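A closer look at the structure
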Amino acid sequence: MKNIYSNIYSFNKKTLKKTVNSLNQGNIAGLPTETVYGLAGNAYSDRAVKKIFKLKKRPSKNPLIVHYDNYKRAGKDVLLNKNFFKLYKKFCPGPMTFILKKNKKTKISSLATAKLNTVAIRFPSHRVIKTMLKFLDYPLAMPSANLSSGLSPVNAFDVFDEFKKKLKIIINGGNSSVGLESTVIDLTGKPKILRPGVITSKDIKNFLKIDLSRKNFKIKSPGMMKRHYSPGIPVIIGKKPKSLSDAYIVFGKKFKNFENYFNLSKKGDLKEAAANLYKIMRKIKKKGYKKIFVSRIPKFGAGIAINDRLLRASR
Ligand code: TXA
Ligand code: MG
């Protein structure tokens, strides 16, 4: 039988080389990170960046995150500041994205940043992407590897579901351990969270010992606007399903194991719940349920990001 997943590769010296060659030629690839899988291309190449927008059907005014293996390389493209260095030391590599002012000498494609004078940068910790970046002469522009406004993929097969054979290479790096997109923090002025993640505003506030800005920015993360993170079926929060054709996402040990109940974390661990959220939503959709109902999820720690994604999915 023909292997339908013939574009999914495990990670080794040979596939590392194959992927590096392909990226060098301006192609894009599906790569794992600890948050979610990304659609990666040369951030310095208009051609590669155009391909990313086209494949994702992403509006051109929604900028991409540029990924680096260390701050020294990022310093060529953005203006690093004090708050950046503090947060970098504490949280990187890891699930945090910084918005910083563009360095005038940057080589980043202006399409990647949607012509803004700021850039979103991130230092992922997943072994595959970290290794890949060391072998490249450029950073990787990399949005989540899903069609615009859908659910982010958390393993190689999710990426395949989104793009099938339109991608030549998808590297299988296992399940993304975090399972939700990175925390996005704007550091161009008083620090402000634009997208919550598993690193919370409280973590950041306690560490920087300053209050974060609550001001509304004109340019928000477009991921923060209309409907997003949608599984493709209605999501209803805070209610129980009345029919067995509807699924119920629950959290904690008090819930029974009914067939249409999907527990994000039986032991009530919010990080585990975050890692399971997209995986479970995809599973529910695949099983043919008509709607997703969601029970109350605590609104602290990783629960803040979970509630944020569910709310946007419910719009
Ligand atoms: O965890 C992640 O961040 C994943 C992995 C693959 O790294 N990437 C990801 O990328 O979630 P994407 O494109 O799906 O989400 C990037 C978010 C969007 O909401 C975008 O609007 C925002 O970052 N963003 C990018 N550049 C920005 C900028 N200059 N100013 C404000 N927001 C920006
Ligand atoms: Mg996304």
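Residues numbered from 1 in each chain as written. Chains lettered and ligands numbered in written order. Predicted model: local features only at pLDDT ≥ 70, side-chain atom pairs only at ≥ 80, totals over all residues. Heavy atoms only, no water.

**Considerations on the packing of helix H4 (residues 82-91) against helix H7 (residues 201-208)**
Where H4 meets H7, the closest approach of the two axes is 11 Å, and the angle between their N-to-C directions is 115°. As far as their axial angle goes, H7 and H4 are roughly perpendicular. As for how H4 packs across H7, the hand of that crossing is right-handed. Taking contact as the criterion, the partners of Asn83, Lys86, Leu87, Lys90 and Phe91 in H4 are, on H7, Asp203, Ile204, Phe207 and Leu208. Residue composition of the contact of H4 with H7, by class: five nonpolar, one polar and three charged. (Axes fitted to C-alpha atoms, helices over the stretch in contact; angles between N-to-C directions. Helix = DSSP H or I, 4+ residues; strand = E, 2+ residues; numbered from the N terminus. Parallel < 35°, antiparallel > 145°, perpendicular 65-115°, else oblique. Left-handed = near helix turned anticlockwise from the far one by under 90°. Contact = heavy atoms within 4.5 Å. Nonpolar A, V, L, I, M, F, W, Y, C, P; charged D, E, K, R; others polar.)

**Some words on the environment of Tyr5**
Tracing the backbone shows Tyr5 in the segment before strand S1 (8-10). For Tyr5, a relative accessible area of 30% gives the class partly exposed. Sequence-wise, Tyr5 and Phe160 are 155 residues apart; in three dimensions their C-alpha atoms are separated by 7.6 Å. Not counting chain neighbours up to four residues away, the residues in contact with Tyr5 comprise Phe157 and Phe160. (Buried < 20%, exposed > 50% of the residue type's maximum accessible area, 1.4 Å probe, protein only.)

**Quick word on the pairing of strand S6 (residues 118-122)**
Every regular strand shows the same layout, with side chains that alternate between the two sheet faces. Burial analysis of S6 places four of its five residues in the buried class, the great majority of the element. Summarising the sheet, strand S4 (residues 65-67) and S6 pair through three bridges and their orientation is parallel. Residue pairing for S6: Val66 is matched across the bridge by Ile121. Note that strand S5 (residues 96-101) and S6 share five bridges and pair antiparallel. Its bridge partner being in S6, Ile99 is matched across the sheet by Ala120. (Pairing = 2+ DSSP bridges.)

**What to know about the pattern of salt bridges**
Inspection of every chain in the model, using the stated rule, returns 10 salt bridges. Lys134 is paired through a salt bridge with Asp69; the nearest N and O atoms lie 3.9 Å apart. Of this pair, Lys134 sits in helix H5 (residues 127-134) while Asp69 is found in the loop between S4 and helix H3 (71-74), placing the two residues 65 residues apart along the sequence. Of the residues examined, Lys134 reaches a relative accessible area of 55% and is grouped as exposed. As a salt-bridge pair, Glu272 and Lys267 come within 3.7 Å of each other at their nearest N and O atoms. The partly exposed category is assigned to Glu272, whose relative accessible area is 28%. In this structure, a network of salt bridges that share partners links the residues Glu181, Asp308, Arg309 and Arg312. (Salt bridge = Lys/Arg side-chain N within 4 Å of Asp/Glu carboxyl O.)

**A word on the pairing of strand S3 (residues 38-42)**
Extensive coverage of S3 is indicated by the burial of five of its five residues. Both strand S2 (residues 29-31) and S3 contribute to a ladder of three bridges, which runs antiparallel. The residue bridging Leu31 from the neighbouring strand is Gly38, located in S3. Between S2 and S3, which pair antiparallel and follow one another directly, the connecting turn spans six residues. Both S3 and strand S7 (residues 140-141) contribute to a ladder of two bridges, which runs antiparallel. Paired with Asn42 across the two strands is Leu140, which belongs to S7.

**Remarks on the nonpolar core**
If you look at the biggest cluster of nonpolar residues, it comprises 42 residues, and the most contacted ones within it are Leu87, Phe98, Ile121, Phe123 and Ile204. Of all the elements in the fold, those that place two or more residues in this core are helix H2 (46-56), H4, S5, S6, helix H6 (156-163) and H7. Ignoring any residue separated from it by four or fewer positions in sequence, one finds Ile204 in contact with Leu87, Met96, Thr183, Ile185, Ile193, Ile199, Lys209 and Leu212. Of all hydrophobic cores here, the second largest spans 31 residues; its members include Leu151, Val154, Ile306 and Leu310. (Core = buried A, V, L, I, M, F, W, Y, C linked by side-chain atoms within 4.5 Å.)

**A closer look at the domain arrangement of the protein chain**
A common measure of how large an interface is: the accessible area buried when the components associate. When the domains of the protein chain are assigned, the result is domain 1 (8-205) and domain 2 (235-313). For domain 1 and domain 2, the distance between their C-alpha centroids amounts to 27 Å. Taken together, the contact between domain 1 and domain 2 spans 20 residues of the former and 16 residues of the latter. Buried area between domain 1 and domain 2, summed over both chains or domains, comes out near 1,400 Å², and the portion from carbon and sulfur atoms is 61%. (Domains from an automatic or database assignment. Buried area = accessible area lost by both parts, 1.4 Å probe.)

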